[in-house]
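Each chain, letter by letter, is given below.
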Amino acid sequence: MKDFSVVLYGRTMTGKSTLMEILTHGNGKSIGHGAQRTTLDVRSYYWEGLKITDVPGIGSFDGREDDRLAFEAAKSADLVLFLISDDAPQAEEAKHLADLRQLGKPVLGIVNVKMAINPAQKKLALRNLQKRLSDTERLGEVCKQFKAYAKRYGQDWSQIPFVYTHLNAAFMGQPERNNDKELYAASGFPVVEQYILDKVRRDGCFIRSKT
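Small disclaimer: the values here were computed from a predicted structure and weren't measured.

### Here's the deal with helix H4 (residues 122–133)
Compared with an ideal rise of 1.5 Å per residue, which puts 12 residues at 16 Å, H4 spans 16 Å between its outermost C-alpha atoms and is within 8% of the ideal. Those residues of H4 lying buried are Ala 125, Leu 126, Leu 129 and Leu 133. End-on view of H4: buried residues confined to an arc of 95°, all on one side of the axis. Set apart from the buried face of H4 by more than 90 degrees, the exposed residues are Lys 123, Arg 127 and Lys 131. Of the surrounding elements, those touching the buried residues of H4 are helix H5 (136–147), strand E6 (162–165), helix H6 (167–173) and helix H7 (181–186).

### Description of the confidence of the model for the protein chain
Chain-level pLDDT for the protein chain is 85 on average; 86% of the residues reach the 70-or-more range. Below a pLDDT of 50 lies the segment residues 32–39, which in the model reaches 18 contacts outside its immediate sequence neighbourhood of four places, other chains included. Low pLDDT (under 50) marks residues 207–211, which in the prediction has 9 contacts with non-local residues, meaning those over four places away or in another chain.

### A look at the sheet that holds strand E1 (residues 4–10)
What the 6 strands build is an open sheet, ordered E2-E3-E1-E4-E5-E6; its pairing is mixed. Single-partner strands in this sheet number two, and they are strand E2 (43–47) and E6. Taking each pair of neighbouring strands and ignoring which way they run, the sheet shows an average axis angle of 25°. One ladder, built from 5 bridges, connects E2 with strand E3 (residues 50–54); its direction is antiparallel. If you follow Tyr 45 over to E3, its bridge partner there is Ile 52.

### Concerning the nonpolar core
Inside soluble globular proteins, nonpolar side chains tend to come together where they are buried. If you look at the biggest cluster of nonpolar residues, it comprises 28 residues, and the most contacted ones within it are Tyr 9, Phe 82, Phe 146 and Trp 157. Beyond its immediate sequence surroundings of up to four residues, Trp 157 is in contact with Ala 94, Leu 97, Ala 98, Arg 101, Phe 146, Lys 147, Tyr 149 and Ala 150. Listed in part, the 23 residues of the second largest apolar core include Leu 81, Leu 83, Leu 167 and Val 192.

### Notes on the pairing of E3
By the criterion of burial, E3 is predominantly enclosed, with 4 of the 5 residues buried. Sheet topology places E1 next to E3; 5 bridges connect them, and they run parallel. Bridge pairing links Val 6 to Ile 52 in E3.

### Overview of the environment of Gly 109
The topology assignment puts Gly 109 in strand E5 (residues 107–112). What makes Gly 109 buried here is its relative accessible area of 0%. Through-space distance from the C-alpha of Gly 109 to that of Val 80 is 8.4 Å; in sequence the pair is 29 residues apart. In this structure, Gly 109 is in contact with Phe 82, Ile 160, Pro 161, Phe 162 and Val 163, ignoring residues within four places of it in sequence.

Definitions and limits used
Residues numbered from 1 in each chain as written. Predicted model: local features only at pLDDT ≥ 70, side-chain atom pairs only at ≥ 80, totals over all residues. Heavy atoms only, no water. Helix = DSSP H or I, 4+ residues; strand = E, 2+ residues; numbered from the N terminus. Expected span 1.5 Å × (residues − 1). Buried < 20%, exposed > 50% of the residue type's maximum accessible area, 1.4 Å probe, protein only. Arc of directions from axis to C-beta. Contact = heavy atoms within 4.5 Å. pLDDT = per-residue confidence, 0-100. Pairing = 2+ DSSP bridges. Axes fitted to C-alpha atoms, helices over the stretch in contact; angles between N-to-C directions. Core = buried A, V, L, I, M, F, W, Y, C linked by side-chain atoms within 4.5 Å.

Next up, the structure:
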């Protein structure tokens, strides 16, 4: 039985490297700081039967080769995780989603909520996370605006699921770091995790148990 291949797609600074670190329980070294491009080539990691592939950020300045590498990696994916952030959707992102949809690959949209939190002030962090992630009216409007781009390409994205999460909180809450189950749950990431597990089961693949 083959590994289940997940490709992480999105523009620079949407949180792709953070997502990869969460899925592989990494040490965080690949997470970028500031506005630099942090993934300049295709990187694949294996964790319990999952093949996680982080690709260059799409739509960067003079990034045609980055875009090509990302698209080629997506061709072998069992699932594409397409990241956007909760600021204004960008037309360039939509163009790349349209290209992905032509491949016929399953896509899970992830809206990474950008908000600074301090885990040392846990009650405040949890309260702020709950407030931001429960604002489904605002987040739903972000997704609605983004999906409206589908008409430019003669496509329908209404059936693409989008979930909301705070990736940095999920990363900080993992056992390898603060081991904070409340923070991890408040991040909304368990929904992403469950979607991937369900997709693996439906496709008849498996995740190897830890040894």
